[in-house]
Amino acid sequence: MKSAEEIMNILEAYDLTGSLRDAAELAGCSHHTVARYVRERERGRAVPGSPARRPGVIDEFLPKLEELVERSKGKIRADKAHEHIAAMGYAGSGHTTRRAVAGLKQAYAAGRRRVHRPWVAEPGMWAQYDFGDGPQVAGVATVLFCLWLAWSRFRVVLPLLDKTAPSVWAAVDVALRCAGGVPTYLLTDNEKTVTVEHVAGIPVRNPGAVAFGRHYGLTVATCVPYDPASKGGSESTVKIAKADLVPADANLLEEYASFAELEAACERFCQLVNARPHRITRRAPAEMLAEERSRLHPVPAAPFTAALGVTRKADALSLVAFEGGQYSVPHQLAGQAVWVRRHGGQVVITHAGPAGPVEVARHLVTTPGSPRVDDAHYPPAPPGALDRTPKPRTSGRGPVPGDRGRCRAVAGRGRGRRRVPSAGQDGRRGPARCPARGHRGGPGAGPGRRGGPVRRR
């Protein structure tokens, strides 16, 4: 076997002389060797002299494997393909089938690879939002709401307890106020809060989403169903947020003790990612947002509260009446208006402040006369104050409500039964008391004290 340099010299000598014998004399080899390498080059082989591929045992079944890969759109498993060709008489091993199917899948994907055109975003034009599974707080699952501005790469991450329309629109309002403006388009998935259905491939918008867009002066747009690549910016934000905020073995985070801790962690995350230079722009998103704000529309002074429920006013006791029940809110909201709605078996209370609508309380549904009170909504009691906290019933010798007048000392049975009355301090006969409690006037009276006379029936 000649080396690559020797083969190159042989072919160069043949191209120079055009004669096999002359080229063999110049290269110092046999003219048969020159003829062999020239013949291999004419056949178009990259490495002249390399052995030709021998026919394999699976070659006659390759058309069937190609058909299976085409029908399944490149998703069929190798073991299933092996079952099909084994029924047709294939006697080879599964490893050979696996290698053949892998090559066919690679060829199928290469011919149908999706080509993405680079998207050059315009300032103030596009914003995207998406959701990710958040950590559990006290056994309750949370949701991470992630909004991303396309031009400045500015990110806002907020924790939510559900993905209902009121929670989503309130989160969008808070995120837009954090960004300092409203873009022209708001891109998201085809969830029921945005798209009711598709008719002939055209999405039908939820009336609530239309009213929300009209309130803020933006257009709510949706991507193609089952195509998350069309909103890759928010998808990437969700991936980064989950990696930094959800406790896992990779980040060694501890569990969050309260929802407030998760909110503080999301705020620190946003400050971190918006202050460091982005990989593409080489500039901090917060710095670019300062330029993009001149192209954003102003945020309305009043938030969109149509989806937050009904309006209620907290009384002096920081209680809100809703559907016959009473529910507590933070004491700072006494006398202020809040929005109340029912979500399943819970009552959600929202307050719209300068920073946008914020959920302030969430209680289980109660009945009239049994208010739901959260101790965290009230300041601690001062020292020496009367403690009105209900205490559990304890076992003692004191009277139990409802037992007075019910226990009588009875002696004998049947016709000879007699009732023993008790004598008061003034000698008058009174009703009999329970002897088991040791009241005076009965058989359980203390020494030196006599009861009244015994009266037979």
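About the thresholds
- Residues numbered from 1 in each chain as written.
- Predicted model: local features only at pLDDT ≥ 70, side-chain atom pairs only at ≥ 80, totals over all residues.
- Heavy atoms only, no water.
- Core = buried A, V, L, I, M, F, W, Y, C linked by side-chain atoms within 4.5 Å.
- Buried < 20%, exposed > 50% of the residue type's maximum accessible area, 1.4 Å probe, protein only.
- Helix = DSSP H or I, 4+ residues; strand = E, 2+ residues; numbered from the N terminus.
- Expected span 1.5 Å × (residues − 1).
- Contact = heavy atoms within 4.5 Å.
- Phe/Tyr/Trp six-rings, centres within 6.5 Å; stacked < 30°, edge-to-face > 60°.
- Lys NZ or Arg CZ within 6 Å of the ring centre and 35° of its normal.
- Pairing = 2+ DSSP bridges.
- Axes fitted to C-alpha atoms, helices over the stretch in contact; angles between N-to-C directions.

Novice: Outline the nonpolar core, supporting the account with residue identities and numerical values.
Specialist: General note: in soluble globular proteins, nonpolar side chains tend to be found buried as a group. Y129, F145, W169, V172 and L186 are the most contacted members of the largest nonpolar core, which has 29 residues in total. Of all the elements in the fold, those that place two or more residues in this core are β1 (126–137), β2 (140–149), β3 (155–160), α7 (165–179) and α8 (207–216). Judged by nonpolar contacts, the second largest core, of 15 residues, contains L144, C146, V246 and C266.

Novice: Break down helix α1 (residues 4–17) for me, with residues and values.
Specialist: An ideal rise of 1.5 Å per residue puts 20 Å on 14 residues; α1 measures up with 20 Å between its terminal C-alpha atoms. Residues of α1 that are buried make contact with α2 (20–27) and α3 (31–42).

Novice: Outline the packing of aromatic side chains, supporting the account with residue identities and numerical values.
Specialist: Summed over all chains, the structure comprises eight aromatic pairs. With centroids separated by 5.4 Å and ring planes inclined at 35 degrees, the aromatic side chains of Y129 and F145 adopt a geometry described as tilted. A residue pair is termed long-range when its members are at least 10 positions apart, and Y129 in strand β1 and F145 in strand β2 qualify at 16 residues. This pair shows no difference in class: Y129 is buried, exactly as F145 is. Aromatic ring contacts, followed pair by pair, group W169, F212, Y216 and F304 into a single cluster. The residue whose ring lies beneath R36 is Y37, and the NZ or CZ to ring-centre distance is 4.7 Å.

Novice: Account for the sheet that holds strand β7 (residues 219–222), with residues named and values stated.
Specialist: An order of β3-β2-β1-β4-β7 is seen for the five strands of this open sheet, with the pairing classed as mixed. Only two strands of the sheet have a single partner each, and these edge strands are β3 and β7. On average, each strand axis in the sheet is inclined to that of its neighbour by 30 degrees, with strand direction left out of account. Sheet topology places β2 next to β3; six bridges connect them, and they run antiparallel. Considered in β3, the bridge of W148 is made with R155.

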